[in-house]
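Architecture and fold: a report
The lines below spell out each chain.
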Amino acid sequence: MLRCFALAALAAFSAIVLFAADPGGDWKGSFDFNGTAVPLTFHLKTADNALTGSVEGLPTTPVQIKDGKIDGDNVTFAANTDYQGSDVHLIYKAKIDGDEMKVTMGTDDGSFSVDFVLKRVTN
């Protein structure tokens, strides 16, 4: 009986790992900045648990994704952009739920943070 339970648990864990969210592809959404919707497009590529790609729509566009990591349905990465002559280091934390990605984007010093939702672009 214990052996059957162990095999069932292993099979369930394997299914979760095999069907973990894949963030690869294009995602679109927008965030509110001082009452103005700022559209963003994310072009994401995956390899093992690493994430690379670019973000379009920030003041410096496109910006390259750095330090991208995938942990199940959680994604983290960073990007640098220029805002009014200053270099801004942005940190992204996201959770994938099907064809939606809930994102928190903020500065590394904590002076700015915003939540928004991206939708997977399907052709």
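If you're wondering where the values come from, they're calculated on a predicted model, not measured in any experiment.

1. Re the overall build of the protein
The helix and strand tally for the protein stands at one helix and nine strands. The N-to-C order of helical and strand elements in the protein reads α-β-β-β-β-β-β-β-β-β. Relative to its full complement of 123 residues, the protein shows a buried share of 30%. Long-range contacts, defined as pairs at least 24 residues apart, comprise 25% of the intrachain contacts of the protein with a sequence gap of at least 6. Surface summary for the protein: the accessible area is close to 7900 Å², and the carbon and sulfur share equals 56%.

2. Quick notes on the side chain of Thr 81
Structurally, Thr 81 is set in strand S6 (residues 74–83). Among the polar contacts made by the side chain of Thr 81, one reaches the main-chain amide nitrogen of Thr 60 at a distance of 3.0 Å.

3. As for the side chain of Ser 54
Inspection of the secondary structure puts Ser 54 in strand S3 (residues 50–56). Exposure remark for Ser 54: the relative accessible area of 11% places this residue in the buried category.

4. A look at the packing of aromatic side chains
In total, this model carries seven aromatic pairs according to the counting rule given. Each ring, one from Phe 33 and one from Tyr 83, has its centre 6.0 Å from the other, and the planes form 85°; the classification is edge-to-face. Linking Phe 33 in strand S1 (residues 25–33) with Tyr 83 in strand S6, this pair joins segments that are 50 residues apart in sequence. For Tyr 83, a relative accessible area of 36% corresponds to the partly exposed category. The rings of Phe 31, Phe 42, Phe 77, Tyr 92 and Phe 116 are connected pair by pair, giving a single aromatic cluster.

5. Some points on the nonpolar core
Ranked by internal contacts, the top residues of the largest apolar core, which has 26 residues, are Leu 40, Phe 42, Val 55, Phe 77, Tyr 92, Met 101 and Phe 116. Listed by contribution, the elements that provide at least two residues to this core are S1, strand S2 (36–47), S3, S6, strand S7 (86–97), strand S8 (100–107) and strand S9 (113–120). Of the residues forming this core, the biggest block, five residues, is contributed by S7. Filtering out sequence-adjacent residues up to four positions away, Leu 40 remains in contact with Trp 27, Lys 28, Gly 29, Ser 30, Phe 31, Val 55, Glu 56, Gly 57, Leu 58 and Phe 116.

6. Regarding the confidence of the model for the protein
For the protein, per-residue confidence averages 86 on the pLDDT scale, and 84% of positions sit at 70 or higher. Predicted confidence for residues 4–19 stays below pLDDT 50, and this span has zero contacts to residues more than four positions away or in other chains.

Here is what the cut-offs are and how they apply
Residues numbered from 1 in each chain as written. Predicted model: local features only at pLDDT ≥ 70, side-chain atom pairs only at ≥ 80, totals over all residues. Heavy atoms only, no water. Helix = DSSP H or I, 4+ residues; strand = E, 2+ residues; numbered from the N terminus. Buried < 20%, exposed > 50% of the residue type's maximum accessible area, 1.4 Å probe, protein only. Contact = heavy atoms within 4.5 Å. Areas by Shrake-Rupley, 256 points an atom, 1.4 Å probe, with all protein chains shown as cover. Polar contact = N/O pair within 3.5 Å; in protein donor to acceptor, adjacent residues only side chain to side chain. Phe/Tyr/Trp six-rings, centres within 6.5 Å; stacked < 30°, edge-to-face > 60°. Core = buried A, V, L, I, M, F, W, Y, C linked by side-chain atoms within 4.5 Å. pLDDT = per-residue confidence, 0-100.

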